[in-house]
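Here is how the chains run, residue by residue.
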Amino acid sequence: MSKEFEGDAGAPLPDFSGASNIDLGTVAPALGMGGSQKQPDYLDYDQKGRGVVTTMFANAGLSYLIGICGGGVYGLQRGIASTPNSKFKVQVNSVLNHCGRYGSKMGNTLGVFAVVYSLYEGLADSLELDRITGVDFISPPVAAAMTGVTYYGPAGVRVAALAGTLGFAMVGGTYAGYTIIGKPFGSYGFLFL
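This structure is a prediction, so every number in the text was calculated from the model and none was measured.

K.L.:
Before we go on, may I ask you to explain the overall build of the protein in this structure?
P.N.:
Counting secondary structure elements, the protein contains six helices and zero strands. Going residue by residue from the N terminus, the α and β elements of the protein occur as α-α-α-α-α-α. Per-residue burial over the protein gives 23% buried out of 193 residues. The contacts in the protein between residues at least 6 apart in sequence include a share of 51% that link residues at least 24 apart. Of the roughly 13,900 Å² that the protein leaves accessible, carbon and sulfur atoms contribute 64%.

Now the structure itself:
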């Protein structure tokens, strides 16, 4: 039973007279309407947090963006300082060349660091180094050390050992600083911060 369209009154309204016969338990059980379930329906919760691949993509993207911006600012400074000519177009070209050169190098380097770090951290978590060693947050420092060793490995054993030590020390220093100020370690969700 719908109303007839009368002049300029608008479109006819649909007929909802049979809506009282709809069983809400079959239409919308997710909304808690009807149904025989008396217990709440909880969502699955992953205690370990995000997966390795998700973490890797997030860390790599943010690291790349930070590297592009930081390298671009450094390139801006270098481009202004080393302009060979005082003409405006030459200065702009010099600044753009330097920003592109240093920004891309820094972004790519930090992006690779983030990917390798995330993979090593995921490996350490899957091996459950925390449980084996008895140290709560051992995965991030080990991942940072292994990232340094892997990235600078082709430069030689001494350079790789130094890079691994620096990575371990950076994460250890971050952990110590967070402990001193009372902030939970890894609360930012980005790399080891």
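K.L.:
Would you take a moment to explain the nonpolar core for this structure?
P.N.:
In globular proteins that are soluble, nonpolar side chains generally tend to be buried together. If you look at the biggest cluster of nonpolar residues, it comprises six residues: Tyr117, Ala143, Ala144, Val171, Tyr178 and Phe185. Those elements that place two or more of their residues in this core are helix H5 (139-151) and helix H6 (157-181).

K.L.:
How should the environment of Thr133 be read in this particular structure?
P.N.:
Among the secondary structure elements, Thr133 is positioned in helix H4 (residues 129-133). A relative accessible area of 44% means that Thr133 is categorised as partly exposed. A polar side-chain atom of Thr133 sits 2.7 Å from the main-chain carbonyl oxygen of Leu129.

K.L.:
Before we go on, may I ask you to explain the packing of helix H3 (residues 88-126) against H5 in this structure?
P.N.:
Helix packing for two helices is described by the angle between their axes and how far apart those axes are. Where H3 meets H5, the axes come as close as 8 Å, and the angle between the chain directions of the two elements is 130 degrees. On the basis of their axis angle, the class for H3 and H5 is oblique. Along this stretch, H3 crosses H5, giving a crossing that reads as right-handed. Two secondary-structure elements touch here, H3 through Thr109, Val112, Phe113, Val116, Tyr117, Tyr120, Glu121, Ala124 and Asp125 and H5 through Ser139, Pro140, Ala143, Ala144, Met146, Thr147, Thr150 and Tyr151. Of the residues in the contact of H3 with H5, the class split is 11 nonpolar, four polar and two charged.

K.L.:
What is the right way to read the side chain of Glu121 from this model?
P.N.:
With respect to the helices and strands, the residue Glu121 is situated in helix H3. With residues up to four places along the chain from it excluded, the contact list for Glu121 reads Ser139, Pro140 and Ala143.

Rules used in this analysis
- Residues numbered from 1 in each chain as written.
- Predicted model: local features only at pLDDT ≥ 70, side-chain atom pairs only at ≥ 80, totals over all residues.
- Heavy atoms only, no water.
- Helix = DSSP H or I, 4+ residues; strand = E, 2+ residues; numbered from the N terminus.
- Buried < 20%, exposed > 50% of the residue type's maximum accessible area, 1.4 Å probe, protein only.
- Contact = heavy atoms within 4.5 Å.
- Areas by Shrake-Rupley, 256 points an atom, 1.4 Å probe, with all protein chains shown as cover.
- Core = buried A, V, L, I, M, F, W, Y, C linked by side-chain atoms within 4.5 Å.
- Polar contact = N/O pair within 3.5 Å; in protein donor to acceptor, adjacent residues only side chain to side chain.
- Axes fitted to C-alpha atoms, helices over the stretch in contact; angles between N-to-C directions.
- Parallel < 35°, antiparallel > 145°, perpendicular 65-115°, else oblique.
- Left-handed = near helix turned anticlockwise from the far one by under 90°.
- Nonpolar A, V, L, I, M, F, W, Y, C, P; charged D, E, K, R; others polar.

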